[in-house]
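# An overview of the molecular structure
In case you want the letters, here they are:
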Amino acid sequence: MSDHEYTPKSKFGKWFNDRLPLLTLASHLTDYPTPKNLNYWWTFGGILTFCLLTQIITGLVLAMHYIAHADMAFDSVEHIMRDVNYGWLIRYIHANGASMFFLAVYIHIFRSLFYGSYKSPREVIWIIGIIIYLLMMAAAFLGYVLPWGQMSFWGATVITNLFSAIPLVGEGIVTWLWGGYSVDNPTLTRFFTLHYLIPFLILGLVVLHIWALHVPGNNNPVGIDIQKPSKDTVPFHPYIVIKDGFALLMFMIVFAFFVFYTPNILGHADNYIEANPLVTPAHIVPEWYLLPFYAILRSVPDKLLGVIAMLSAILILAALPWLDTSKIRSAVFRPLYRQFYWILVADVLILGYVGAMPAEGLYLLIARVATAYYFIHFLVILPILGFKEKTLPVPLSITEPVLGGSPNLAGARIKNKENL
Amino acid sequence: MSEKKTKRRDFLFTATYAVGAVGVGATIWPMIDQMNPDASVKALASTEVDVSSVNPGKTITVLWRGKPVFIRRRTQEEIAEAKAVSLKDLKHPEKDEDRAKDPEWLVMLGVCTHLGCVPLDQKGDYNGWFCPCHGSHYDTSGRIRKGPAPTNMEIPEYKFVNSNTIKIG
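Basis of the calculations
Residues numbered from 1 in each chain as written. Chains lettered and ligands numbered in written order. Predicted model: local features only at pLDDT ≥ 70, side-chain atom pairs only at ≥ 80, totals over all residues. Heavy atoms only, no water. Pairing = 2+ DSSP bridges. Helix = DSSP H or I, 4+ residues; strand = E, 2+ residues; numbered from the N terminus. Axes fitted to C-alpha atoms, helices over the stretch in contact; angles between N-to-C directions. Disulfide = S-S within 2.5 Å. Buried < 20%, exposed > 50% of the residue type's maximum accessible area, 1.4 Å probe, protein only. Contact = heavy atoms within 4.5 Å. Parallel < 35°, antiparallel > 145°, perpendicular 65-115°, else oblique.

Moving on: the sheet that holds strand E9 (residues 158–162) of chain B. All names here are of chain B. Taken in spatial order, the three strands of this open sheet run E1-E10-E9, and their pairing is antiparallel. Every interior strand has two partners, whereas the edge strands, strand E1 (47–50) and E9, have only one. Between one strand and the next, the sheet's axes are offset by a mean angle of 30°, whatever the strand orientation. Here four bridges tie E9 to strand E10 (residues 165–168), and the two strands are oriented antiparallel to one another. Counted as the bridge partner of Lys159 is Lys167 from E10.

Below, the structure is given as structure tokens:
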């Protein structure tokens, strides 16, 4: 974004920068002009970077003590918990860190949905984000298998069996994934390898995600382009750095609460029983962050169609920039979309709740209605809304509503605050 | 003259791409195939089970290829119930005779065909098996009657070595 040429002050700096322009990059990241009206919902990008680094660092340490073998994995995790110095702390940070990562990513995604951050010219940022989200789910699933408890084993069995729904080649793919005729030691060793690999793929994609972001610059709560960089923006450092840092601190308090006070509340007690291929636990539920998709899977009575519905629920997000036909980005100026947005939030929360309940009776009915609504929101409501909705007037610049502008716009801004 | 030369060059390009593609494929294949079941896994492909202590109305579960196999000695009522079912009522129509060679012995993979959980014995609406994961009900012949599972529980290859021993696989 910043077009000015950067020249290092020192002679050595200049010599080095001519050969590898790292200092130019650092200067770009420091001066990067950021819309000055960003609210705290914009701090989750930084929080997510923190989460990724936390998982990588604690994961590296855990890998020094963990043994990826069906006979030893369960005991090695207990060894980490009881014998390794601070092993309990590192493992609890890693296990709860996964949940914190998903908490932050869901807020980040729903922030994009509210302010239309996925719309032109930010489609590529959005799609890279969806790929990261998919990889996060893969990493979380693979990691959950490693302690080799009952939930690990049966979760792995159920999820790998999703592939058996593919006609003709399904069974062959499942055998190939397992490296045998059931989830067993070959499965565990390859899952460990892939669990180790994926965070680094995510790290690479995060670099692309930020690179793609720095081409058009940040979206902002009013969702309009920057008119005058000198008036509408502040440099990333120190303004955004210090704000992100404060938000991160608040986030870490929540994180620490889980790690130190209720480290197992987000897990399942069954996973402290070693894997047993002869006994399935009475109630198999995935981790909380996968529950809405699990509810969609179970709400379809046919095996193949259930799997297709679940995958579509995620992949439909990649098409969102084209399904949402409205030219106005921010929900602040879209009175109808704003209501449908909150209905969607409620719908996803309901799906998450029924995903944790048994798939029968009233729960199943609710899951089916909520699943149908989820798809209707993206495939019917959003495309039509763009043409039908009467949007509110958008301010001329980011600075205008702050400095007063017309009373109409000031009202819109207050509304915005109420909604958050 | 020049046209003829161009054609020779095109042929060389195409041939080079084709050989290159075969080479890349031959290099990638071992990387893919190494994930398939290895020789040590395949070596455990069959198992012999002593069933002399199994009384009518009892089920034993044995591990074969890492999967549970149910061996149930069925009671006369269960056999009669399984035989009485009309094929029209079945989601995956199979006669009981085709599933249990000796009607007294039902040998099948104890793996739900929905997503691979182990169903519970003597549970569910059809006096057979019930899968706790997503609620599939199986009858006394292990056939799917209600719930999301698409097919009946699988019958593995097995034979009676003698009257007391079953060889699975």
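Here the narrative resumes.
Below, the discussion takes up the state of the cysteines. Residues and elements named next belong to chain B. In total, this model carries one disulfide over all chains according to the counting rule given. Across a sulfur-sulfur distance of 2.1 Å, Cys117 and Cys133 are joined as a disulfide pair. Taking the torsion about the S-S bond as the criterion, the Cys117 to Cys133 disulfide, at about -100°, is left-handed. Linking Cys117 in the loop between strand E4 (105–109) and strand E5 (120–121) with Cys133 in the loop between strand E6 (129–131) and strand E7 (136–138), this pair joins segments that are 16 residues apart in sequence.

Further remarks concern helix H12 (residues 291–299) of chain A. Residue and element names in this part refer to chain A. Burial runs high along H12: nine of the nine residues are buried. The complete set of buried residues in H12 reads Leu291, Pro292, Phe293, Tyr294, Ala295, Ile296, Leu297, Arg298 and Ser299. Looking at the buried positions of H12, the neighbouring elements they touch are helix H5 (87–115), helix H6 (123–145), helix H13 (303–315), helix H15 (335–356) and helix H16 (361–388).

All names here are of chain A. Where helix H8 (residues 170–178) meets helix H9 (residues 185–214), the closest approach of the two axes is 7 Å, and the angle between their N-to-C directions is 75°. If you check the angle between H8 and H9, you find them roughly perpendicular. The segment H8 lies against H9, with Trp176, Leu177 and Trp178 engaging Pro186, Thr187 and Arg190.

On to the pairing of strand E2 (residues 58–64) of chain B. Consecutive side chains of a regular strand alternate in pointing toward one face of the sheet and then the other. Residues and elements named next belong to chain B. Two strands pair when backbone bridges link them, and E2 and strand E3 (residues 67–73) are joined in this way by seven bridges, in the antiparallel orientation. Within the sheet, the bridge partner assigned to Leu63 lies in E3 and is Pro68. Turn length for the E2-E3 hairpin, with the two strands adjacent in sequence and antiparallel, is two residues, and the turn residue Arg65 shows positive phi of about 55°.

Remember, this is a structural readout, not a statement about activity or role.
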